[in-house]
Amino acid sequence: MDLKGEYRLAAPREKVWALLNDPETLKSCIPGCQSLEMTGENEMSATVVAKVGPVKATFNGMVRLENIDAPRSYSIVGEGKGGIAGFASGGADVSLEEDGEDTVLHYEVDAKVGGKIAQLGGRLVDSTAKKFAHQFFDCFAARVAGDTAAEVSEPAGA
C-alpha cells in the first residue's frame with residue numbers, strides 16, 4: 001500500500017522537526033500507541049494496538065530513522081509483529097518545506113502487511129491506514145499549534 005500527502009503546519013520548520021523527533025509527542029499521536037521508547041541513537045521500540053475490520057492485535061516492533069538531513073527530512077523504517085494477526089513493515093519518507101511562517105510536511109509511505117490482516121482485502125486495509133494517517137497528522141498538527149491536550153485514543157476499526 002502506498003500513501004502520500006502533505007500537511008500545512010503553522011510553525012517554523014525547526015519546531016516541527018523537534019516535535020517529529022520527540023518520542024512523547026509521537027507516542028501521544030500514533031493511534032493505539034501503548035509505548036514508544038528510544039533504544040539507541042535513531043532507534044525506537046514501539047507497542048501499538050490496532051484494529052483493522054474484525055481483527056484487533058497488539059504489534060511490537062522497532063523503528064529506525066535513516067537518511068537524516070536535519071531539519072529538512074528523514075526516512076522512517078520499521079516492522080511490527082502482531083502474532084496470529086500478522087505483521088506490518090515498511091517505511092516513510094518525511095520532508096519539511098518552509099513556506100513563509102508555516103512549514104509544509106510532505107510524507108510518502110510504503111507499507112506491507114501479511115497474515116490475517118492481509119486477508120481482509122486491500123480496500124479495507126488501505127482505508128484503515130489512511131484513517132490512521134489522518135488521525136496521526138491531525139493530532140500532530142494540534143501539538144505543533146501548542147495544544148498539548150491533543151491525543152488520539154485507540155483507533156476504531158474501519
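Each remark here, short or long, concerns the structure printed above.
Residues numbered from 1 in each chain as written. Predicted model: local features only at pLDDT ≥ 70, side-chain atom pairs only at ≥ 80, totals over all residues. Heavy atoms only, no water.

## Examining the state of the cysteines
Counted according to the given criterion, the structure contains one disulfide. The partner cysteine of Cys 29 in its disulfide is Cys 139, sulfur to sulfur 2.4 Å. The sign of the -65 degrees torsion about the S-S bond sets the Cys 29-Cys 139 disulfide as left-handed. Here the residue Cys 29 occupies a position in helix α2 (residues 23–29), and Cys 139 occupies one in helix α4 (residues 122–144), the gap between them amounting to 110 residues. This pair shows no difference in class: Cys 29 is buried, exactly as Cys 139 is. With no disulfide partner, Cys 33 has as its closest neighbouring cysteine sulfur the one in Cys 29, 10 Å distant. (Disulfide = S-S within 2.5 Å. Helix = DSSP H or I, 4+ residues; strand = E, 2+ residues; numbered from the N terminus. Buried < 20%, exposed > 50% of the residue type's maximum accessible area, 1.4 Å probe, protein only.)

## Things to note about the nonpolar core
In terms of nonpolar packing, the biggest core is built from 28 residues, with Leu 9, Val 16, Leu 20, Leu 105, Phe 140 and Val 144 touching the most fellow members. Counting only elements with at least two residues in this core, the list comes to β1 (2–9), α1 (13–20), α2, β2 (33–40), β3 (43–52), β6 (87–99), β7 (102–114) and α4. The dominant element in this core, judged by the number of residues it contributes, is α4, at seven residues. (Core = buried A, V, L, I, M, F, W, Y, C linked by side-chain atoms within 4.5 Å.)

## Focus: the pattern of salt bridges
The tally for this structure, following the rule as stated, stands at six salt bridges. The residue Arg 72 makes a salt bridge to Asp 69 at a minimum N-O spacing of 3.8 Å. Exposure remark for Arg 72: the relative accessible area of 40% places this residue in the partly exposed category. Ionic contacts of the salt-bridge type, sharing partners, join the residues Arg 8, Asp 99 and Asp 102 into one network. (Salt bridge = Lys/Arg side-chain N within 4 Å of Asp/Glu carboxyl O.)

## Some details on the packing of α1 against α4
Axis separation between α1 and α4 bottoms out at 10 Å; the angle between their running directions is 125 degrees. Here α4 runs oblique to α1, going by the angle between their axes. Crossing angle aside, the handedness with which α1 passes α4 is right-handed. Contacts from Lys 15, Val 16, Leu 19 and Leu 20 in α1 reach Phe 140, Arg 143 and Val 144 in α4. Tallied by class, residues from the contact of α1 with α4 come to five nonpolar, no polar and two charged. (Axes fitted to C-alpha atoms, helices over the stretch in contact; angles between N-to-C directions. Parallel < 35°, antiparallel > 145°, perpendicular 65-115°, else oblique. Left-handed = near helix turned anticlockwise from the far one by under 90°. Contact = heavy atoms within 4.5 Å. Nonpolar A, V, L, I, M, F, W, Y, C, P; charged D, E, K, R; others polar.)

## Regarding α4
For α4, spanning 23 residues, the distance from its first C-alpha to its last is 32 Å, which sits close to the expected 33 Å at 1.5 Å a residue. Inspection of α4 places Val 125, Thr 128, Ala 129, Phe 132, Ala 133, Phe 136, Phe 137, Cys 139, Phe 140, Arg 143 and Val 144 among the buried residues, and these make up the whole buried set. Looking at the buried positions of α4, the neighbouring elements they touch are β1, α1, α2, β3, β7 and α3 (116–119). (Expected span 1.5 Å × (residues − 1).)

## What about the packing of aromatic side chains?
Scanning the model with the defined rule gives five aromatic pairs in all. Ring geometry for Tyr 7 and Phe 137: centres 4.9 Å apart, planes at 25 degrees, overall stacked. Note that Tyr 7 is positioned in strand β1 and Phe 137 in helix α4, a separation of 130 residues in sequence. Of the residues examined, Tyr 7 reaches a relative accessible area of 15% and is grouped as buried. Note on Phe 136 and Phe 137: the rings are 5.0 Å apart at their centroids and 85 degrees apart in plane angle, and the pair reads as edge-to-face. Chaining the aromatic ring pairs together yields one cluster made of Tyr 7, Tyr 107, Phe 136, Phe 137 and Phe 140. (Phe/Tyr/Trp six-rings, centres within 6.5 Å; stacked < 30°, edge-to-face > 60°.)

## Comments concerning the environment of Lys 130
Assignment of secondary structure puts Lys 130 in helix α4. Taking the relative accessible area as the measure of exposure, Lys 130 reaches 45% and is therefore partly exposed. Taking the C-alpha atoms as reference points, Lys 130 and Asp 2, 128 residues apart in sequence, are found 9.7 Å from one another.

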